[in-house]
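The residues making up each chain are set out below.
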Amino acid sequence: MPQLRDYFTEVIQQLWMRVADLGVFGYKHCLDPGILPLRSQHTCSRQVIISNLNLDASPLRDLMVVAHPYRYSSIPNYPSIEVWTLVEGQTSGASSFYRRVQYHTIRKSLRKPSRPLVGSFAVMPQLTSHFGHWVGDYLGGMIWYAKQLQSLPDPPRLLAISPSHEWDQFLIDICPENSLYLLSPQQFLEVNWVLQSAIVLPRLSPWQNLCLLRDCLSASLSSSEGPLPSVDGPRRIFLCSQRQERILNLEAVQDLFQDHGYSVLNPTSHSPKQLLRWIRLASSLWCEHGSMVMNVLLARDHPYRLLELSPLNSCRYPSELHMLGGGVYNSFHLGLIKPFYCQPAVDSVRLDRQLHPYQRQLVVDLDALSQELAREGRRVQ
């Protein structure tokens, strides 16, 4: 009976979405490409690469920017949210798998009061302040667009967001002066913002966003005179969120790294400029899995070690969903990552199939880790 009930529930929900796609309820949530035509594009491994980014698009009027909570943030006063651009009653997403839940969440958020945002703006179809997706899907595009928009006769300001006050300052430092209009996640959540004049920019694929991000940061990471100053810092680093839900035996793991001369760094305790320089210059770098890797992807161009779920467990997760939950980001760095495989804290086939591999709590084999760290120490000597 439960299986039959689940079947009928799924059928009803699919019918609901088909009716919603007709605009019967006054709001639609579709899949890209959609809002603006893409004049020249091709697909590489299902990653759309745009060669004409439509900066000459005509401004649209009375767009609405809608936001809702999304996942978790440990940063005080900077909740993790998703932001959507509503054009003529329609938003657009990038994944059919999440479209249904996004539709209902956005529709509920439309009930909030609205407030006009006066000025000329450029907006992206979707944004988030969740660090992993912010870096992987949007940061490169934000930096690149902020610079390219300056070529227009009357440059609009790019509506932007970040995961923390420190990352706000990073964007301000690296982008042209007055090119951004930064709102905090809380400001996005409080009201729906109505833009009286705005250019809607094309959505970039994660792959193109990451390429632009690396290109935009490379000069400043390589130059001691750029926005990432050259400073003394730890040369052997374990990058860790210090959250036990990530690593079950966290305290013992941290102690082991420290015993072998490593500095255990939580990125939220350091400025992005300082942290990225340390990551780039570290002689040996280990990293916790999940969104933590995005700090490394920003800065590093030589190999590092990654605590990762055993492939015997991760292979059970649906392959078509793996790339939606961070797999595409790690693939961008595949030639630099040297995995250190770990067992899950709970050995469960059900969890293997339900939870993304980067969401699993790991148990680190301390003996194996100690041997690896000792081997690295001998190589340095």
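About the thresholds
Numbers given to residues run from 1 along each chain, matching the order in which its sequence is written. It should be noted that, the model being predicted, local features are given only for residues of pLDDT at least 70 and side-chain atom pairs only at 80 or more, the latter also being counted only at that level, while totals for whole chains, interfaces and linings use all residues. Remark: hydrogens and water are excluded; side-chain values derive from all non-hydrogen atoms of the structure. Ring pairs shown here join Phe, Tyr and Trp side chains whose ring centres sit within 6.5 Å, with only the six-membered ring taken for Trp; geometry is labelled stacked below 30 degrees between planes, edge-to-face above 60, and tilted in between. Partly exposed residues are those whose accessible area sits between 20% and 50% of the maximum for their type, while under 20% is buried and over 50% is exposed, using a 1.4 Å probe and protein chains only. Counting from the N terminus, the helices are DSSP H or I runs at least four residues long and the strands are E runs at least two residues long. Paired strands are those between which DSSP finds at least two bridges. Between Lys or Arg on one side and Asp or Glu on the other, a salt bridge is scored when a side-chain nitrogen of the former is within 4 Å of a carboxyl oxygen of the latter.

Novice: Would you take a moment to explain the packing of aromatic side chains for this structure?
Specialist: Centre distance and the angle of the planes are the two values used to describe a pair of aromatic rings. As enumerated under the stated definition, the model contains 13 aromatic pairs in all. Ring geometry for Phe 97 versus Tyr 98: centroids 4.9 Å apart, planes at 80 degrees, classification edge-to-face. Judged by its relative accessible area of 48%, Phe 97 is partly exposed. On the basis of relative accessibility, which here comes to 26%, the residue Tyr 98 falls in the partly exposed class. Seen from their ring centres, Trp 207 and Phe 332 are 4.9 Å apart, and the 75 degrees between their planes marks the pair as edge-to-face. A residue pair is termed long-range when its members are at least 10 positions apart, and Trp 207 in helix α6 (residues 206-222) and Phe 332 in helix α12 (residues 327-332) qualify at 125 residues. Given the relative accessible area of 32%, Trp 207 is considered partly exposed.

Novice: What exactly am I supposed to notice about the pairing of strand β18 (residues 337-344) here?
Specialist: If a strand is regular, its side chains alternate between the two faces of the sheet. When strand β17 (residues 304-309) meets β18, the two strands line up parallel, connected through six bridges. Looking across to β18, one finds that Glu 308 is bridged to Tyr 341. The pairing of β18 with strand β19 (residues 362-363) spans two bridges and is antiparallel. By the bridge assignment for β19, Gln 343 is matched with Val 363.

Novice: I keep staring at the pattern of salt bridges and nothing clicks. Help me out?
Specialist: When their charged atoms lie close together, side chains carrying opposite charge are able to pair. Counted according to the given criterion, the structure contains nine salt bridges. Between Arg 305 and Glu 372 there is a salt bridge, and its shortest N-O distance comes to 2.8 Å. Here Arg 305 is found in strand β17, whereas its partner Glu 372 is found in helix α14 (residues 366-380), with 67 residues between them in sequence. When sorted by exposure, Arg 305 lands in the same class as Glu 372, which is buried. Residues Asp 352 and Arg 316 are paired through a salt bridge, measuring 2.5 Å at the closest nitrogen-oxygen approach. Of this pair, Asp 352 sits in helix α13 (residues 349-354) while Arg 316 is found in the loop between α10 (311-314) and α11 (319-322), placing the two residues 36 residues apart along the sequence. The exposure class assigned to Asp 352 is buried, which follows from its relative accessible area of 1%. Salt bridges linked by common partners bring Arg 305, Glu 372 and Arg 375 together as one network.

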